[in-house]
Amino acid sequence: MSTNLPLPKKNYTKAIIIVSIAIPAAVAFLILGPQAKIDLGFNTHSLPLFHAILNSSTAILLLASLYFIRHGQVKAHRRANWIAVILSTIFLVSYVIYHATNPSTRFGDLNHDGRLSDAEKQQAGALRYVYYFILSTHILLSGIIVPFVLFTMQRAYQERFDKHRRLARITWPMWLYVAVTGVVVYVMVSPYY
């Protein structure tokens, strides 16, 4: 005898927590840990531009997603968000590859020696502080955004739209900020690559 009860939607909370801890830990280790750079056999120097393109595309998709949901286009909203997640995942993998194969670029390092002389600091001026403020908030929020995105998506998948909506009101602006500031950081630091 069949009852037409809907199947319960799977709960991914444990997986989301594990991923949300593992990603920032791995990225922090990669950047702050031993600086043994890996040779992958191909040139990775153009990846920062690729990252900026991914972040720009993600920002556009997030704006489109908001437009779609406000106009009742749920399917397009869902599609835009899934593509934004896919682009963000590609970004993360590419970012890890870049930082595993290249030293960090320092804002103001005109001679590309990895150190800032007093003259370079003076030439960069107060813009250095603006850059580091934007970079710091970008890094902090990029570490926090992963569980927000994943839990927001889980709530939609579970069809708990009231909770999805409530969490999305926090997730969306944070994710948009991370995407936009990723581009701003690239534009500001690109002269020093």
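Anything mentioned here points back to the structure above.
Residues numbered from 1 in each chain as written. Predicted model: local features only at pLDDT ≥ 70, side-chain atom pairs only at ≥ 80, totals over all residues. Heavy atoms only, no water.

K.L.:
Which parts of the structure should I look at to understand the overall build of the protein chain?
P.N.:
Looking only at helices and strands, the protein chain has 6 helices and 0 strands in total. Counted from the first residue to the last, the protein chain has its helices and strands arranged as α-α-α-α-α-α. A principal-axis box enclosing the C-alpha atoms of the protein chain has dimensions of 80 × 35 × 25 Å. A burial count over the protein chain gives 34% of its 193 residues as buried. Of the contacts formed within the protein chain by residues at least 6 apart in sequence, a portion of 75% connects residues at least 24 apart. Looking at the protein chain as shown, the accessible area adds up to about 12300 Å², and 68% of this sits on carbon and sulfur atoms. Of the side chains in the protein chain, 18 bear a positive and 7 a negative charge, and the two mean positions are spaced by 20 Å. (Helix = DSSP H or I, 4+ residues; strand = E, 2+ residues; numbered from the N terminus. Buried < 20%, exposed > 50% of the residue type's maximum accessible area, 1.4 Å probe, protein only. Contact = heavy atoms within 4.5 Å. Areas by Shrake-Rupley, 256 points an atom, 1.4 Å probe, with all protein chains shown as cover. Lys, Arg positive; Asp, Glu negative; His and termini not counted. Charge placed at Lys NZ, Arg CZ, Asp CG, Glu CD.)

K.L.:
What is the right way to read the packing of helix α1 (residues 13-32) against helix α3 (residues 74-101) from this model?
P.N.:
The relative placement of two packed helices is expressed as an angle between their axes plus a distance between the axes. Following both chains from N to C, one finds α1 and α3 inclined at 20 degrees, their axes separated by 9 Å at the closest point. The orientation of α1 relative to α3 falls into the category roughly parallel. As for the relative orientation of α1 and α3, their crossing is left-handed in sense. Along the contact surface, α1 presents Ile23, Val27, Leu30 and Ile31, while α3 presents Leu92, Tyr95, Val96, His99 and Ala100. By residue class, the composition of the contact of α1 with α3 is 8 nonpolar, 1 polar and no charged. (Axes fitted to C-alpha atoms, helices over the stretch in contact; angles between N-to-C directions. Parallel < 35°, antiparallel > 145°, perpendicular 65-115°, else oblique. Left-handed = near helix turned anticlockwise from the far one by under 90°. Nonpolar A, V, L, I, M, F, W, Y, C, P; charged D, E, K, R; others polar.)

K.L.:
For this particular structure, what's the right way to read the packing of aromatic side chains?
P.N.:
Think of a pair of aromatic rings as described by two things: how far the centres are apart, and how the planes are tilted against each other in angle. This structure, assessed with the given rule, holds 8 aromatic pairs. For the ring pair tyrosine 67 and phenylalanine 68, a centre distance of 5.9 Å and an interplane angle of 70 degrees mean the geometry is edge-to-face. Among the residues examined, tyrosine 67 registers a relative accessible area of 44% and is labelled partly exposed. Aromatic rings pair up to connect Phe107, Tyr131, Tyr132 and Tyr192 into one cluster. Across the ring face of tyrosine 129, the terminal group of arginine 128 is positioned such that the distance to the ring centre comes to 5.7 Å. (Phe/Tyr/Trp six-rings, centres within 6.5 Å; stacked < 30°, edge-to-face > 60°. Lys NZ or Arg CZ within 6 Å of the ring centre and 35° of its normal.)

K.L.:
When you look at unusual backbone geometry in this model, what are you seeing that I'm missing?
P.N.:
Its identity is not glycine, yet histidine 112 carries a phi of approximately 60 degrees, on the positive side. On the secondary structure map, histidine 112 appears in the loop between α3 and α4 (118-124). Positive phi, close to 60 degrees, is recorded for glutamate 159, a residue that is not glycine. Overall, the relative accessible area of 51% leaves glutamate 159 in the exposed class.

K.L.:
Before we go on, may I ask you to explain a nonpolar patch on the surface in this structure?
P.N.:
Judged by side-chain polarity, Ile38, Leu40 and Phe42 come together as a nonpolar surface patch covering roughly 290 Å² of accessible area. Assignment of secondary structure puts isoleucine 38 in the loop between α1 and α2 (47-70). (Patch = residues over 30% accessible without salt bridge, like charges linked within 9 Å, V, L, I, M, F, W, Y side chains within 5 Å. Salt bridge = Lys/Arg side-chain N within 4 Å of Asp/Glu carboxyl O.)

Keep in mind that these numbers describe shape and distance, not what the molecule does.
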